[in-house]
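In case you want the letters, here they are:
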Amino acid sequence: MPKVVYQEQLASTATNTTTSTQTDSTGAATGAVIGGLAGLAGGAVVDPPGQVNTYVTSKKVDPVCLEGEVLVGSTLPSTVKVYEIPDYQYRYTSVNGQTVLVEPCTSKVVHIYR
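Residues numbered from 1 in each chain as written. Predicted model: local features only at pLDDT ≥ 70, side-chain atom pairs only at ≥ 80, totals over all residues. Heavy atoms only, no water.

A.B. asks: For this particular structure, what's the right way to read the side chain of His 111?
C.D. replies: As for its position among the elements, His 111 is in strand 6 (residues 108–112). With relative accessibility at 17%, the residue His 111 sits in the buried group. Not counting residues up to four positions away in its chain, the partners in contact with His 111 are Val 46, Pro 48, Val 72, Thr 99, Val 100 and Leu 101. (Helix = DSSP H or I, 4+ residues; strand = E, 2+ residues; numbered from the N terminus. Buried < 20%, exposed > 50% of the residue type's maximum accessible area, 1.4 Å probe, protein only. Contact = heavy atoms within 4.5 Å.)

Following this line, the structure appears as structure tokens:
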């Protein structure tokens with residue numbers, strides 16, 4: 001099974017991540033992460049438009065299983081087939097059960113659908 005080659009996130013690349021905790025009507029804690037990462041070492045973070053989200057979530061493709069965790073900034077092996085998205089610069093595929101957007105010229109993961 002091919003391994004995913006990835007670069008570790010450096011602490012200096014994280015910015016403005018805030019955790020908000022609230023309680024629901026039963027008194028149980030609920031929470032959300034607000035903000036996010038400005039970028040990862042070696043990779044860009046992409047926020048795809050709505051029509052791209054709809055397209056990739058409705059057009060299922062055969063998943064590929066790879067060792068290791070797939071992260072934004074990961075480089076996929078050249079053997080992983082990626083699929084075109086009409087009128088969009090990135091491609092998509094399914095890795096380890098997760099749909100990901102991939103930069104076609106570098107095979108780097110730029111977005112993970114969770």
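There's more to say after this.
A.B. asks: Hey, could you run me through the pairing of strand 4 (residues 91–95) in this one?
C.D. replies: The side chains of a regular strand alternate between the sheet's two faces. With four of its five residues buried, strand 4 lies for the most part within the structure. Between strand 3 (residues 83–84) and the antiparallel strand that follows it, strand 4, lie six residues; Asp 87 among them carries a positive phi value of about 55 degrees. (Pairing = 2+ DSSP bridges.)

A.B. asks: It is not clear to me how the pairing of strand 5 (residues 98–103) should be interpreted in this structure. Could you clarify?
C.D. replies: Note: strand 4 against strand 5, five bridges, orientation antiparallel. Bridged to Thr 93 within strand 5 is Val 100. In sequence, strand 4 turns back onto strand 5 through a hairpin of two residues, with Asn 96 there showing a positive phi of about 50 degrees. Hairpin geometry of strand 5 and strand 6 is characterised by an intervening segment of four residues between the two adjacent antiparallel strands and by a positive phi of about 65 degrees at Ser 107.

A.B. asks: Got a minute to help me understand the nonpolar core in this structure?
C.D. replies: For soluble globular proteins, nonpolar side chains are generally found buried alongside one another. In this structure, Val 46, Val 52, Val 56, Val 61, Ile 85, Tyr 88, Tyr 90, Tyr 92, Leu 101, Val 110 and Tyr 113 together form the largest nonpolar core, which totals 11 residues. In this view, Tyr 92 contacts Tyr 55, Val 56, Lys 59, Val 61, Val 82, Tyr 83, Glu 84, Ile 85, Thr 99, Val 100 and Leu 101; residues no more than four positions away in its chain are not counted. Of all hydrophobic cores here, the second largest spans 10 residues; its members include Val 72, Val 95, Val 100 and Ile 112. (Core = buried A, V, L, I, M, F, W, Y, C linked by side-chain atoms within 4.5 Å.)

A.B. asks: Looking at this model, I keep getting lost on the confidence of the model for the protein. Mind explaining?
C.D. replies: In regions of low pLDDT, the predicted coordinates are not meant to be interpreted in detail. For the protein, per-residue confidence averages 74 on the pLDDT scale, and 61% of positions sit at 70 or higher. Looking over the protein, one finds the lowest element-wise mean pLDDT in strand 2 (residues 29–37), namely 35, and the highest in strand 3, namely 98. Counting interchain partners and residues more than four positions distant, the pLDDT-below-50 stretch residues 5–42 has 49 contacts. (pLDDT = per-residue confidence, 0-100.)

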